[in-house]
Amino acid sequence: MIKRILLILLILILAASFFYFDLNQLLTLDGLKGSMAQFNDYKMQSPLLIIGGFFLLYVVVTSLSLPGAAILTLAAGALFGLWQGLLVASFASSIGATLAFLTSRYLLRDTIKQRFPERLAAIDAGVEKEGGFYLFTLRLVPIFPFFLINLLMGVTAIKARTFYWVSQIGMLAGTFVFVNAGTQLAQIDSLSGILSFNLIVSFALLGFFPLIAKGILNMLKKRRVYKHYTKPKKFDRNMIVIGAGAGGLVTSYIAATVRAKVTLIEAGEMGGDCLNYGCVPSKALIKSAKVAEQMRHAERYGLENTPPEFSFKNVMTRIHKIIADIAPNDSVERYTDLGVEVLKGYAKFIDPWTVEIALNDGGTQTLTARSIVIATGARPFIPDLPGLEETGYVTSDTIWKKFTELEAAPKQLVVLGGGPIGSELAQAFARLGSNVTQIERGARLMKKEDVEVSEFAQKVLVESGVNILTSHQAMRCETRNGKKFIIVEPQGDNIDKQEIAIEYDELLCAVGRSARLEGYGLEDLGIETKRTITTDDYLETLYPNIYAAGDVVGPYQFTHVASHQAWYAAVNGLFGHLKKFKVDYRVIPWTTFIDPEVARVGLNEQEAIEKGIDFEITRYDFKDLDRAVTESANHGFIKVITPKGKDKILGVTIVAEHAGDLMPEFILAMKHGLGLNKILGTIHMYPTWAEANKYAAGEWKRNHAPETLLNWLEKYHTWRRG
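For every chain, the first residue of the written sequence is number 1, and numbering continues from 1 onward in sequence order. Side-chain atom pairs in this predicted model are given and counted only at pLDDT of 80 or more, local residue features only at pLDDT of at least 70, and totals for whole chains, interfaces and linings cover all residues. By convention in this description, side-chain values take in all heavy atoms of the structure and omit both hydrogens and water.

A. Examining the overall build of the protein chain more closely. Each helix and strand counted, the protein chain has 30 helices and 23 strands in total. For the protein chain, buried positions account for 46% of its 722 residues. By definition in these notes, contact holds between two residues if any of their heavy atoms fall within 4.5 Å. For the protein chain, restricting intrachain contacts to residue pairs at least 6 apart in sequence, the fraction spanning at least 24 positions comes to 66%. Using a 1.4 Å probe, the Shrake-Rupley method yields the accessible areas, and only the shown protein chains count as cover for residues. Carbon and sulfur atoms provide 59% of the accessible area of the protein chain, an area that totals close to 36900 Å². Think of it this way: any DSSP run of H or I at least four residues long counts as a helix, any run of E at least two long counts as a strand, and we number them from the N terminus. For each residue, the accessible area found with a 1.4 Å probe, counting protein chains only, is set against the maximum for its type, and the residue is called buried under 20%, exposed over 50%, and partly exposed in between.

And the structure:
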């Protein structure tokens, strides 16, 4: 802080001296003309001293963003001639600009980053990709004040060396014009005479050259990518979509809605993982488990505790019935009626426009399309654990079929993984009678959440009967006397490393999901994959006509994100030649459906700390919410992250029975830039769970009450009482 203050004082002193000694009068056109004879005499006597002094003066004026840089550029031509003047002015202006850039970065960047973290992060992301290109374009056009460019670029994350060399090259044309004009100084009446209208237009057109060059380079890049292939003259379809999960269904639906001819290819079940193996069956199971838990603790509602009696087989039957009830929404028949051609089979790329489909009925079909969207989803990741294949395991995909015929839940169940899926299923099976041990090699469950949220989640899972082993590494699986065991080892520097053997009947692998990248020809086309398919901001792969959406591309593996990406894939795939849209990931919510639920959008506390944001936390506890009290569910809280002193919402975490249903109000507010004051000023029905959002906003308002004004109002009311 002291260094910043000293630097500011130095800048102020130098700027004040500049005006105090009337250097600003010298750096005018009349002042320059009146001093040229004297300067030429000095130059004849000490040429190196004059060149060095001039260079230093130019650097100081430019670095302090003082007026007069244009006059100095003219002076360079008048004093030193065209080429020597161009050399001096070019390097002095670039060095001075870089010093101004560095000063701006040192004084302003951290402050702006704290006040506007999201906006600056977005700017930095763009600058990282094409900052040099845009700086070059700005430098070519003199109508943009160069000193302002220096200061603004200093706030961004562009590298100093990039700023320097781009400035050196980009300002060369404008510097040449002024230096050349300076060689004819006596004929110049005003600076506006140098930058005539025609010259400004010429520079403006020059500024378009990088854009044109970029377009040409992109075109050449596309031609190079496609050079080994022959593009069809006609296409069978406007779009082909591979995969009928959330991403594929929404993409094909949008394409059909805008009357494009679209084919959807799926080898397995329509609806993908979410309907058949993920969201739908797991939430149905969670509901049954919650009812069983409520029966055990019926005294909370003034009833008699009743041990639940049930057939686990009936629970699984209910789950499959629910899947069947929802399935028509995603069925072949419905999408056919919507105008989508649905082919059941395995797709494989032949070239960037051609797909060969090995149909499930044994036939083969080949189709071409202008655009192809890959939406093949993800599958459970299976760890390389010795003995796992021999002893057997289930995943969140296979559990629903394998457990269908069980009359009772597995007696001893090991859940490997402490993320959302593992935690949801661990709690559900524990409530349905399984002896559940959950193993997590990290220090806590649900590590992406705040520490207190992880601790809360662990507490409720333990209360549900889950035996949780965090900081334990799974080493191997083995069989002893016909019984299955998983061997784990405690982690940490100050603990006993002795192995522990845990017996189980079933082992559920829930350590994450990996994108489906094999089997449909990505490697043959050379499409890059790094755990997921590599795409740009528009969801384009290496080939501009091939897109990817959903879990196969990430970065968030949620059904609602897949649907969100599907819009961009469909629109860019069909209309990208006219206008392309970057995917907007600014407001991504998610919910972990343990009981109570954990929902989040935006930043949480630990992320805000990691990003160095000056923030504050507003908290509201559900123990004070009337509706939660009436339902004997008044546990949990809302945490809202806002910038210090502002009601702008940076992130929200809700832990409550209906957390996922409460979150959309905050999502809407963040999406459209509405603050907590707007939520506070909105009527919420009583008694509802949604009132908690208003009360959280009220907590923020109370913490920012204008105490001085309230004290004056108190005195005013006292006076009014006489």
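B. Structural detail: unusual backbone geometry. At the junction of G554 and P555, the peptide bond is cis and its omega measures out at 0° in the coordinates. Following the sequence through the fold, P555 ends up in the loop between β18 (546–548) and α23 (559–575). Even without a glycine there, the phi angle at R531 is positive, about 70°. Mapped onto the elements, R531 comes out in the loop between β16 (529–530) and β17 (532–533). Exposure remark for R531: the relative accessible area of 76% places this residue in the exposed category.

C. The arrangement of the nonpolar core in detail. As used in this record, nonpolar core signifies buried Ala, Val, Leu, Ile, Met, Phe, Trp, Tyr and Cys residues forming a set joined through side-chain atoms within 4.5 Å. In terms of nonpolar packing, the biggest core is built from 40 residues, with L285, F312, I319, F429 and V436 touching the most fellow members. Secondary-structure elements contributing two or more residues to this core are α15 (279–296), α16 (312–326), α19 (399–402), β8 (412–416), α20 (420–431) and α21 (451–463). Among the elements that take part in this core, α15 stands out by supplying six residues, more than any other. In terms of nonpolar packing, the next biggest core, distinct from the first, is built from 29 residues, I372, A515, I527 and V553 among them.

D. Inspection of the pattern of salt bridges at higher detail. Only one rule defines a salt bridge in this text: a Lys or Arg side-chain nitrogen within 4 Å of an Asp or Glu carboxyl oxygen. In this structure the tally under the stated criterion is 32 salt bridges. In this structure, E657 and K290 form a salt bridge, with 3.2 Å as the shortest nitrogen-oxygen distance. Residue E657 is found in the loop between β23 (651–656) and α26 (659–662), and its partner K290 is found in helix α15; the two are separated by 367 residues along the sequence. Accessibility assignment for this pair places E657 and K290 in one class, buried. We note a salt bridge from R513 to D397, for which the minimum N-O separation is 3.5 Å. Remark: D397 occurs in the loop between β7 (394–395) and α19 and R513 occurs in strand β15 (residues 513–515); sequence separation between them is 116 residues. Overlapping salt bridges, with partners in common, bring together D450, E452, E605, R619, D621 and K639 in one network.

E. Representation of the packing of aromatic side chains within the structure. Here a pair means two rings of Phe, Tyr or Trp (six-membered ring of Trp) with centres within 6.5 Å. Their orientation is stacked below 30 degrees between planes, edge-to-face above 60, and tilted elsewhere. Scanning all chains against the criterion turns up 17 aromatic pairs. Here F403 and F429 contribute two aromatic rings whose centre-to-centre distance is 5.8 Å and whose plane-to-plane angle is 90°, an arrangement assigned as edge-to-face. With F403 in the loop between α19 and β8 and F429 in helix α20, this residue pair connects regions lying 26 residues apart in the sequence. Accessibility expressed as a relative area gives 0% for F403, which makes it buried. Relative to Y568, the ring of W567 has its centre 4.9 Å away and its plane inclined at 85°; by these criteria the two rings are edge-to-face. Each member of the aromatic cluster is reached from another via a ring pair, and the members are Y226, Y229, W353 and Y543. Here, a charge over a ring is recorded when the distance from Lys NZ or Arg CZ to the ring centre is within 6 Å and its angle to the ring normal is within 35 degrees. R480 extends its terminal NZ or CZ atom over the ring of F485, reaching a point 5.1 Å from the ring centre. In this structure, K715 packs its charged tip against the face of W712, placed 4.9 Å from the ring centre.

F. A look at a nonpolar patch on the surface. Within this analysis, patches are made of residues with over 30% relative accessible area and no salt bridge. Like charges are joined at 9 Å or less; nonpolar side chains (Val, Leu, Ile, Met, Phe, Trp, Tyr) at 5 Å or less. Together, I2, I5, L6, I8, L9, L12 and I13 make up an exposed nonpolar region whose accessible area comes to about 680 Å². Note that I13 resides in helix α1 (residues 2–20). By relative accessible area, I13 is classed as exposed at 52%.

G. Representation of α21 in the model. Given the number of residues in a helix, its expected span is that number minus one, multiplied by 1.5 Å. Its 13 residues place the ends of α21 18 Å apart at the C-alpha level, agreeing with the 18 Å of an ideal helix rising 1.5 Å per residue. For α21, the set of buried residues is V453, S454, F456, A457, V460 and L461. One face of α21 carries all of its buried residues, which in axial projection span an arc of 160°. Within α21, the exposed residues directed more than 90 degrees away from the buried face are E455 and E463. On its buried side, α21 packs onto α20, β9 (435–440), β10 (467–470), β20 (597–602), β22 (637–643) and β23. Of the residues flanking the end of α21, it is G465, one or two places downstream, whose phi is positive at about 105°. Note: the arc covers the axis-to-C-beta directions of the helix.

H. Geometry of the sheet that holds β20. Pairing is antiparallel in the open sheet, where five strands are placed in the order β19-β20-β23-β22-β21. Of all the strands in the sheet, the pair left with one neighbour each is β19 (589–592) and β21 (615–621). Direction aside, the axes of adjacent strands within the sheet are offset by 10° on average. Geometry is summarised by axes, namely lines fitted to C-alpha atoms with helices restricted to the contacting stretch, and by angles between N-to-C directions that run from 0 to 180 degrees. Most of the contacts of α21 go to β22, to which it runs at about 170°, and overall it touches β20, β21, β22 and β23. The criterion for strand pairing is that DSSP finds at least two bridges linking the strands in question.

I. Just the sheet that holds β8, in detail. Spatially, β7-β14-β8-β9-β10 is the arrangement adopted by the five strands of the open sheet, whose pairing is parallel. Across the chains shown, the open sheet's two edge strands, defined by having one partner strand only, are β7 and β10. Both β7 and strand β14 (residues 506–509) contribute to a ladder of two bridges, which runs parallel. Directly across from V394, in β14, lies its bridge partner L508. Packing of α20 onto the sheet brings it into contact with β8, β9 and β14, and relative to β9 it is tilted by some 165°.

J. Region of interest: helix α13 (residues 246–257). A rise of 1.5 Å per residue sets the reference length of α13, with its twelve residues, at 16 Å; its end C-alpha atoms lie 16 Å apart and thus fit the reference within 8%. Residues of α13 that are buried: G247, G248, L249, T251, S252, I254, A255 and A256. Elements in contact with the buried residues of α13: β1 (237–242), β2 (262–266), α17 (332–337), β5 (364–374) and α23. Just past α13, the residue R259 takes up positive phi, approximately 65°.

K. Expanded view of the side chain of D273. Along the polypeptide, D273 turns up in helix α14 (residues 272–276). Contact partners of D273, with chain neighbours within four places excluded, come to G278, C279, A378, D397, R513 and R516.

L. Spotlight on the environment of E407. Tracing the backbone shows E407 in the loop between α19 and β8. E407 sits 96 residues away from S311 along the chain, and the two C-alpha atoms are 5.4 Å apart. Among all residues touching E407, those that are not within four sequence positions of it are S311, F312 and K313.

M. Quick look at the environment of G85. Mapped onto the elements of the fold, G85 is located in helix α6 (residues 82–115). Taking C-alpha positions, G85 is 6.4 Å from V179, a pair spaced 94 residues apart along the chain.

N. Just the environment of I286, in detail. Mapped onto the secondary structure, I286 falls in helix α15. Taking the relative accessible area as the measure of exposure, I286 reaches 15% and is therefore buried. What I286 contacts, discounting residues up to four positions off in sequence, is E424, A428 and F593.

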